[in-house]
Amino acid sequence: MTKTVLTVDDSRTMRDMLMLALKDAGYNVVQAVDGVHGLEVLAEERPDIVITDINMPRMDGFGFIEGMRADPAYSGVPVLVLTTESDAAKKQRARDAGATGWIVKPFDPVRLVDAVRRVAA
Amino acid sequence: MSDDPFEAIKATFFQECEELLGDLETNLIALESGDTDIETINACFRAVHSVKGGAGAFGLDDLVRFAHVFETLMDELRSGRKAVDEDVVQSLLRASDVLNDHVTAARGAGPAVDPDRSQALIAELETLTHGAPVSGTDADAAGDMDDDFGFTPVALSLDDFGAGEAMPLMDLPALDLPPLDLPSLDAPVVTGGEQTGWKIIFRPHPRLYANANETALLLRELGRLGPISVEMDDSGLPSLEALEPLDSHLVWTIHLDAPVAELDVRDVFDFVETDCDLSIMSVMAEGAGASVVSDSLPDLDDGLPSLDTGAAAEFDIAALVAMAQADTASRLGGGGETAPVAETPKSTAAPAPAAPPVAANNATAAAPAAASAATAPVTIRVELDRVDRLINAVGELVIQQAMLAQRVYESGLARSSDISLGLEDLELLTREIQDSVMAIRAQPVKSVFQRMPRLVREVAAMTGKKVKLVTAGEDTEVDKTVVERLSEPITHMLRNAIDHGLESPEEREAAGKPVEGTVKLAALHRSGRIVIEISDDGKGINRQRVRSIAEERGLVTPDQILSDDEVDNLIFLPGFSTAQEVTDVSGRGVGMDVVRRSIQSLGGRISISSNPGKGSIFTMSLPLTLAVLDGMVVGAADQTLVAPLAAIVESLTPKAEDIHLVGGVDPVLMFRDEFVPLVDVGQTMEFRNEPTELKGGVVMIVETEGGQRAGLLVDAIHGQRQVVIKSLETNYRHVEGVAAATILGDGRVALILDIDVLVNTGRRRTTSLAELKMAS
């Protein structure tokens, strides 16, 4: 069955690039523009995998992941953090919030799809 | 959209860049005007960050390099490691101009950025970030970038690992897959013998599972590196009764029979390395057993060729970029819609083949003039009426946008649909337009502050006191209406500070203070509001006297225990005036309660903090605009109402056992070990006569300007929304308990609650109604 990936990013450019790469790899893609919107779409679309940016207005990626993990319904949904910030502290914060893994921007599509495949059952 | 998806995304990127750079400039200007709110700094960071992120994907190296240095400084500022001062803001503004030029150049719409200019600013930003320019900037920047850019092809095995389903307990030597034939791997440092594989012991922590990682998936990844056999040790598993479902009990030992690079093995555990105990040992040919490989990773490229040729070819970013650049170049050559690279903007006269030399001169002269004009602020005078028309139109736009969003939502379209997504973007854009338009009406408080030195001189002369006035933050901007209405409360408070706050020169001398007293008037932005502080170095509040006067006037009872702050704030109560003898200056029967009320009518708050013998500080905070309000939309007795968000402490569904009736009549709610009175909104607003079922509704805990807490009982909370304030007085008449009105997304008018009035009348009414019932 086709898996659905939710991408949460305030940048249209990033959303489009993710869409292009993931669609091509055979995923169904739904999008959200920030953490608040992300939580809404999450409830509606029940995605299998989530990819989120960190720096976003209204609610950042950490808040989004925490909000998501607070709901037992999404405890098993893997979340990949998408960020240019590859430093250890950021990764640790993402992990503390409940992130499954990360993708360093600018991603290349092969790595992106590989990371998604790695966390997807 | 263009046919080539990559080109289409690139077009989106440049369009987005334009918006981001606009945001950046707006926020930098806010910083310049003294608004060093963390959200403003964050917004700047995000803008630069997003430009860099997109630019990286398109291989726009110059742009990325510059944005990276810019972003690093912004990161220092937002983390608070570096303070935002005048110098920094000026550098940031210059950097924003250069970033703009880099984007224009990258789009092919302008000349390449002068490398010296760019490099000079990079050095300037680095000096601010690190204290000195990073030596050998070019090399370092490139090195720095490796982190983000280092695109190393990923080794993907084409071996489809068929036994995936049986993974958790698999033992697969029987498959006997040949080790992958990989060229010259950077073998780990091992002594003696030839390395044939790896032994991995893996003990997951509970956190690994909590973050949705899975042992089975990790084993699947290891299986892609070569043949593996897996042993699971379940000896740590407790009995069923003692089992904690969220704990982790299993230990896995994996034998990987392939001499792959250690880095590849570690890479599999990249996401989970801090969430498990992991030891990776190399296995030797001679059967010498396993030797633990040091934890330090070899700093080498893993150098593996990408085996997943299909996907890699399709997604070769470099090739796509090259293609895109070639495309751009050909379009440039063909003189398409894009402007040629190094040409000055054409004046209207320029296209004429035999343009007079004068026109040509004008065209070339115009460019530097425009460039220098960009650095100095340019202003235009506009009739206020035009601005207000624009503001009204934007207000309608906000309402229209909300209505549209509501319709779409009601139509059952998914929140993730393209239309909803577009609407979300539209909402962000609308808010941005609204902010920008509001900024047009913003004025510095200077015009009010300028009038104060004269007032201070007059009051000083009348009271025979020596006073020095210090002002700060005159450039702080706030909506014109707010500026105009600030004058009166500031005047009153300054008078009060000199008359009541400062001592006479003799008293000051006796107290060992300078004979001249200091009164400070300061304005600053804080969390989206303007804060005006009036402080003096006088005698401070005489709490004993305040207390006894308050008791005398029946404002407090003698047995009430009040904190120092609470005593200080008694002076704002109606009917309180500490001037024992009415003075010419401030004792004109106008008490601090009037000041407070006029500030509250602007949606503001005032408080005092006093230090006996040292002085007092009056702090008033006001919204930056009177045109919009962040509100919570609620329902009560079939009416839709809006409660100002600033007044709401929290919302909850009360438990039956937390609601009590004081004296059998007044409902109160046990909230955080404190009883707060409950106000039935539907009944207090007279939407219905019967009290609502106490247990059925939702309670919003609110705090009045006086710091008094109460619970507003409503039927439902619909959500948070920014609403456009429409005056009820102008369009209808004043209604008790209603501050203003607004139009909601569905076109209905909703009343905005006046929390203070509501809480006070609500308590009286609830009580009297209850008494009425008792009596009848």
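- Chain B appears in an unreviewed UniProt entry as Chemotaxis protein CheA from Brevundimonas terrae.
- Taken directly from UniProt, the Catalytic activity (unreviewed entry) text for chain B runs: "ATP + protein L-histidine = ADP + protein N-phospho-L-histidine."
- In its Function (unreviewed entry) section, the UniProt record describing chain B reads: "Involved in the transmission of sensory signals from the chemoreceptors to the flagellar motors. CheA is autophosphorylated; it can transfer its phosphate group to either CheB or CheY."

- As named in an unreviewed UniProt entry, chain A is Response regulator, taken from Brevundimonas terrae.

## Concerning the interface of chain B and chain A
Link 1 in the chain: With 56 residues of chain B at the interface, the matching set in chain A holds 55 residues.
Link 2 in the chain: For the pair chain B and chain A, the summed buried surface comes to about 4900 Å²; carbon and sulfur atoms form 53% of the total.
Link 3 in the chain: Our count for the contact surface shared by chain B and chain A stands at six salt bridges.
Link 4 in the chain: Linking chain B to chain A there are 21 residue pairs in polar contact (both at pLDDT 80 or more).
Link 5 in the chain: Sorting elements by how many residues they give to the side of chain B that touches chain A places helix α2 (residues 38-57) of chain B first, with nine residues.
Link 6 in the chain: The residue inventory of the side of chain B that touches chain A, partitioned by class, reads 23 nonpolar, 13 polar and 20 charged.

## Considerations on the UniProt feature "modified residue: Phosphohistidine" (unreviewed entry) in chain B
All names here are of chain B.
Link 1 in the chain: Under the present numbering, the feature "modified residue: Phosphohistidine" (unreviewed entry) in UniProt falls on His49.
Link 2 in the chain: With respect to the element layout, His49 can be found in helix α2.
Link 3 in the chain: The buried category is assigned to His49, whose relative accessible area is 2%.

## A look at the packing of helix α1 (residues 5-32) of chain B against α2 of chain B
Residue and element names in this part refer to chain B.
Link 1 in the chain: Direction vectors running N to C along α1 and α2 enclose 155 degrees, while the axes themselves pass 9 Å from each other. Looking at the two axes, α1 sits roughly antiparallel to α2. The two elements α1 and α2 cross, and the hand of that crossing is left-handed. Side by side, α1 and α2 meet where Phe13, Cys17, Leu20, Leu24, Asn27, Leu28, Ala30 and Leu31 of the first sit next to Thr40, Ile41, Ala43, Cys44, Ala47, Val48, Ser50, Val51, Gly54 and Ala55 of the second.
Link 2 in the chain: Split by residue class, the contact of α1 with α2 holds 14 nonpolar, four polar and no charged.

## Focus on helix α5 (residues 109-119) of chain A
Link 1 in the chain: With ten of eleven residues buried, α5 of chain A lies mostly within the body of the structure.
Link 2 in the chain: Where α5 of chain A is concerned, the buried positions are Pro109, Val110, Leu112, Val113, Asp114, Ala115, Val116, Arg117, Arg118 and Val119 of chain A.

## Re the sheet that holds strand β4 (residues 79-83) of chain A
All names here are of chain A.
Link 1 in the chain: If you trace the five strands from one edge of the open sheet to the other, you get β2-β1-β3-β4-β5, paired in parallel fashion. Strand pairing shows two members of the sheet lacking a second neighbour, β2 (28-32) and β5 (101-104), which therefore form its edges. On average, adjacent strands in this sheet sit at an angle of 20 degrees to one another, irrespective of strand direction.
Link 2 in the chain: Most of the contacts of helix α1 (residues 12-24) go to β2, to which it runs at about 165 degrees, and overall it touches β1 (4-8), β2, β3 (49-53) and β4.
Link 3 in the chain: Along the sheet, α5 makes contact with β3, β4 and β5, crossing β3 at roughly 135 degrees.

About the criteria used
Counting starts from 1 at the beginning of each chain's written sequence and moves along it residue by residue. Chains and ligands are labelled sequentially in the order written, the chains with letters from A and the ligands with numbers from 1. Where local features are concerned, this predicted model is filtered to residues with pLDDT of at least 70; where side-chain atom pairs are given and counted, the filter is 80 or more; whole-chain, interface and lining totals use all residues. The side-chain values count all of the structure's non-hydrogen atoms but skip hydrogen atoms and water molecules. UniProt positions are given in the numbering used here, feature names are shortened, and annotations may be inferred rather than shown by experiment. The contact rule is simple, with two residues in contact once any of their heavy atoms fall within 4.5 Å. A 1.4 Å probe defines the accessible area here, and the buried area is the portion of it lost by two parts on being joined, summed over both. A pairing counts as a salt bridge when a side-chain nitrogen of Lys or Arg comes within 4 Å of a carboxyl oxygen of Asp or Glu. The definition of a polar contact used here is a pair of N or O atoms within 3.5 Å, where within protein one atom must be able to donate a hydrogen and the other to accept one, and adjacent residues in sequence count solely through side-chain atom pairs. Strands are runs of DSSP state E lasting at least two residues, helices are runs of H or I lasting at least four, and both sets are numbered from the N terminus onward. Each residue gets one of three labels, nonpolar for Ala, Val, Leu, Ile, Met, Phe, Trp, Tyr, Cys and Pro, charged for Asp, Glu, Lys and Arg, and polar for the others, Gly among them. Relative accessible area decides the class of each residue, using a 1.4 Å probe on protein chains only: under 20% of the type maximum gives buried, over 50% gives exposed, and in between gives partly exposed. Convention adopted: a line fitted to C-alpha atoms gives each axis, helices being fitted over their contacting stretch, and angles between N-to-C directions are expressed from 0 to 180 degrees. Should an angle fall under 35 degrees it is taken as roughly parallel, and over 145 as roughly antiparallel, whereas 65 to 115 is taken as roughly perpendicular and any remaining angle as oblique. Handedness of a helix crossing follows the sense of rotation of the near helix relative to the far helix, less than a right angle counterclockwise being left-handed and clockwise being right-handed. Paired strands, as defined in this entry, are two strands with at least two bridges between them according to DSSP.

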